[in-house]
Amino acid sequence: MTRRIVRTITQLGAAAFLAFVVIFLLDRNFRLLPNAVHEYMPQHHHGLVITDVTITKCSKINLFSSCKLDPDLWHRVDKNLYLGNKWMTSAYLHVQRKKEEELTAEDKVVVNLKVGPTDPSAGVKPPPAAKWEQRPFGLWIQRSAKPHASDSKDAVTGVDVLFGDDAYEVRPGWAIRGVALMLDSNRDIPPAHITVKRGGGDQLPKRPVPRIRDNGKFKIMQLADLHLSTGVGHCRDAVPDEYEGGPCEADPRTLDFVSRLLEEEKPDFVVLSGDQVNGDTAPDAQTAIFKYAHLLIKHKIPYVEIFGNHDDEGSATRAEQMALIQQMPYSLSRAGPDDIDGVGNYYVEILAQGSSQHSALTLYLLDSHSYSPDERHYSGYDWIKPNQIEWFKQTASSLKRKHKQYTHIHMDLAFIHIPLPEYAIPENHYVGPFREGVTAPLYNTHFRDALVEEGIVMVSCGHDHANEYCMLSANEETTKPELWMCYGGGSGFGGYANYEGFTRVVRFFDIDMNTARITTYKRLEYGETDKRIDQQIIVDGGNVMPAPDPPSPLPEQEGGKA
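Being a predicted model, the structure only gives us computed values, none of them experimental. (Residues numbered from 1 in each chain as written. Predicted model: local features only at pLDDT ≥ 70, side-chain atom pairs only at ≥ 80, totals over all residues. Heavy atoms only, no water.)

Observations concerning the overall build of the chain
Item 1. Broken down by element type, the chain carries seven helices and 27 strands.
Item 2. Within the span of the chain, comprising 562 residues, buried residues form 52% of the whole.
Item 3. Put simply, of all contacts in the chain between residues at least 6 apart along the chain, 70% involve residues at least 24 apart.
Item 4. Carbon together with sulfur atoms contributes 52% to the accessible area of the chain, which is approximately 26800 Å² in total. (Helix = DSSP H or I, 4+ residues; strand = E, 2+ residues; numbered from the N terminus. Buried < 20%, exposed > 50% of the residue type's maximum accessible area, 1.4 Å probe, protein only. Contact = heavy atoms within 4.5 Å. Areas by Shrake-Rupley, 256 points an atom, 1.4 Å probe, with all protein chains shown as cover.)

Details of the environment of L272
Item 1. Mapped onto the elements, L272 comes out in strand β13 (residues 269–272).
Item 2. It is 9.4 Å that separates the C-alpha atoms of L272 and G462, two residues lying 190 residues apart in sequence.
Item 3. Filtering out sequence-adjacent residues up to four positions away, L272 remains in contact with L223, L226, Y292, L296, Y303, V304, E305 and I306.

A few points about the nonpolar core
Item 1. Counting residues in hydrophobic clusters, the biggest one holds 38 residues, and the most contacted among them are M221, V270, Y292 and Y303.
Item 2. With sequence-adjacent residues up to four places away left out, Y292 is seen in contact with L226, L228, L255, L272, Q276, E305 and I325.
Item 3. Of all hydrophobic cores here, the second largest spans 34 residues; its members include M411, F415, M458 and I511. (Core = buried A, V, L, I, M, F, W, Y, C linked by side-chain atoms within 4.5 Å.)

Details of the pairing of β13
Item 1. Burial along β13 is two-sided: F269 and V271 facing one way and V270 and L272 facing the other are all buried.
Item 2. Pairing between β13 and strand β14 (residues 303–305): three bridges, direction parallel. When the bridges of β14 are listed, L272 appears paired with E305.
Item 3. You can see the chain leave β13, run along helix α4 (residues 285–298) and come back into β14, and the turn it takes is right-handed. (Pairing = 2+ DSSP bridges. Right-handed = clockwise from strand over helix to strand, strands pointing away.)

With respect to the state of the cysteines
Chemically, a disulfide is nothing more than a covalent bond linking the sulfur atoms of two cysteines.
Item 1. All told, the structure shown has three disulfides when counted by the stated rule.
Item 2. Across the disulfide, C58 is cross-linked to C67 (sulfur-sulfur distance 2.0 Å). On the sign convention where negative is left-handed, the bridge of C58 and C67, at about -105° about the S-S bond, is left-handed. Neither C58 nor C67 differs from the other in exposure class; each is buried.
Item 3. Two residues, C235 and C248, share a disulfide whose sulfurs are 1.9 Å apart. Across the S-S bond linking C235 and C248, the dihedral sits near -65°, which makes this disulfide left-handed. On the criterion of sequence distance, the pair formed by C235 in the loop between β10 (217–223) and β11 (242–243) and C248 in the loop between β12 (246–247) and α3 (250–265) is long-range, its members being 13 residues apart. (Disulfide = S-S within 2.5 Å.)

Re the packing of α4 against helix α5 (residues 318–325)
Item 1. Where α4 contacts α5, the axes come no closer than 11 Å and their chain directions differ by 40°. Here α4 is positioned oblique relative to α5, judged by the angle of their axes. Helix-helix and strand crossings are classified by hand; for α4 and α5 the assignment is right-handed. Residues A285, Q286, I289, F290 and Y292 of α4 form the contact with α5, whose own contacting residues are Q321, L324 and I325.
Item 2. For the contact of α4 with α5, the residue count by class is six nonpolar, two polar and no charged. (Axes fitted to C-alpha atoms, helices over the stretch in contact; angles between N-to-C directions. Parallel < 35°, antiparallel > 145°, perpendicular 65-115°, else oblique. Left-handed = near helix turned anticlockwise from the far one by under 90°. Nonpolar A, V, L, I, M, F, W, Y, C, P; charged D, E, K, R; others polar.)

Thoughts on the sheet that holds strand β20 (residues 470–474)
Pairing between the strands of a sheet comes from backbone hydrogen bonds, and it takes one of two forms, parallel or antiparallel.
Item 1. Across the sheet, seven strands lie side by side as β15-β16-β17-β19-β21-β20-β18; this open sheet has mixed pairing. The sheet is open, and its two borders are formed by β15 (346–351) and β18 (430–431), each paired with just one other strand.
Item 2. Direction of pairing for β18 relative to β20: antiparallel, over a ladder of two bridges. Note that in β20 the partner of V431 across the bridge is C470.

Describing the pattern of salt bridges
Item 1. Evaluation of the coordinates by the stated rule reveals 34 salt bridges.
Item 2. Note that D154 and R198 form a salt bridge whose closest N and O atoms lie 3.7 Å from each other. Of this pair, D154 sits in the loop between β6 (139–144) and β7 (156–163) while R198 sits in strand β9 (residues 192–198), and the two are 44 residues apart along the sequence.
Item 3. Given the relative accessible area of 25%, R198 is considered partly exposed. (Salt bridge = Lys/Arg side-chain N within 4 Å of Asp/Glu carboxyl O.)

Thoughts on the sheet that holds strand β24 (residues 533–540)
Item 1. An order of β14-β13-β10-β22-β23-β24-β25 is seen for the seven strands of this open sheet, with the pairing classed as mixed. The open sheet has two free edges, formed respectively by β14 and β25 (543–544), since each of these has just one partner strand.
Item 2. Contacts from α3 reach β10, β13, β22 (505–512) and β23 (517–524), with the element oriented near 140° to β23.

A closer look at the packing of aromatic side chains
Item 1. Throughout the structure, instances matching the rule amount to 16 aromatic pairs.
Item 2. Between F508 and Y521 the ring centres are 5.6 Å apart and the planes differ by 20°, which places this aromatic pair in the stacked class. With a gap of 13 residues between them, F508 in strand β22 and Y521 in strand β23 connect regions that are remote in the sequence.
Item 3. Residue class for F508 comes out buried when judged on its relative accessible area of 0%.
Item 4. By the ring-pair criterion, three or more aromatic residues cluster together here, those being Y423, Y430, F434, Y469 and Y487.
Item 5. Sitting over the ring of Y347, R334 keeps its end group 5.7 Å from the ring centre. (Phe/Tyr/Trp six-rings, centres within 6.5 Å; stacked < 30°, edge-to-face > 60°. Lys NZ or Arg CZ within 6 Å of the ring centre and 35° of its normal.)

Shown next as structure tokens:
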């Protein structure tokens, strides 16, 4: 009896599975199921599919031209293909899109898109099943009216624009299609490239869990002030002012520098500490963001970032940029709480080695904003707000209870963009060049004191490109070392560097959890490129270390100094 029941259940299961496979295949090819049922099938695209693509061009001189199409039928990608650099002329990409269940028998689904001067099917034998349709400026699309076209992995489900021949696409499922659009633009306008997403479903970006290596080591690379542009950008104050036998182009040289250090230093984690995007020269911030993301994704390195005062001076707000950044592979960045000032107030836990789920390091990242909201009384730059400080203190206090479970010494670090007022005390001991005035906020909310109270051993910033020192902040009464305050130093050739002796630089923090020691040093883009500059131990045994003694002067010899 039992065998008969088992056999019957097995037969029914096999029959049900076979029926599902048959229905799946029939629906995929002939769309037999009603939409209400089809939308639950595995091949269904739960988002939108593209049914048409075109480009409009309009002129302020020609009153009969328009860059607007019927908004009930067309969605405009809100990026001027001339990037606003042609005063009288604009051009925009438009797409028609529908939910799969809203498609009618007359609709066609875009399954391919290319850019080029001639019909992509010219000379191709046999000719493609679906003909190529021409659109303006060298754009060609291929559409299918087959019932299952919208379920195909080739169905175009997203269209966007990136700018410059140095552009990269980093979003999962997206790819740049062909050459640049054939617009009548000059060489100063970065060419527009169409990028498309094919297939359904949002591919989840890869987000590795950062962890101390098995040998107890962990290395952080701080990228400060990359100042990337839309297009290759223009070098400012470059040393030397040429590159590889030709003129200096800012972004390629910056990214070559970063790429070399990624390969040589092999960091475990990257902190981008603001001004990744050079707002004035980045009319499309997305293109600039994808450049550094491409490098970090290529090297499979998790990264986080905060914003500087230039990031949102171009085409996208902080919130818009963070929404994009959060969806990129290897990015651990977060917008943070909505009820406190700024975008990008959050923390990241670095787990202990092995399979441990205990935190070994905590990195706090806070938005230091941009320009003063009260220029009359406190000119210059903005400050960390009281509600941010309160959030930090509450968060740090609550995490301490969990951190006690870690069997070694847990350490806390912090990163901001604009330096704190305490960076500007020249009487404090510091290691490294102090070349320019500290452009800290004039209004002091005493975030430095909160950092010390919560046991932060090091804070590092960017902003002042030519300053690349670490300064010790000590207790005023006891002189006990309490906090190291470091600068990352400017790394990007799109930002200023007009101070004698300064070349682009990147700071590293080499952490040994076996001894709770943090060693910091810098690497240069030009000059002593193989040397670790200003290497020093800033934390040992989990304790903030005193400043090292200055180097002894060389003994004088006859005939002058050695």
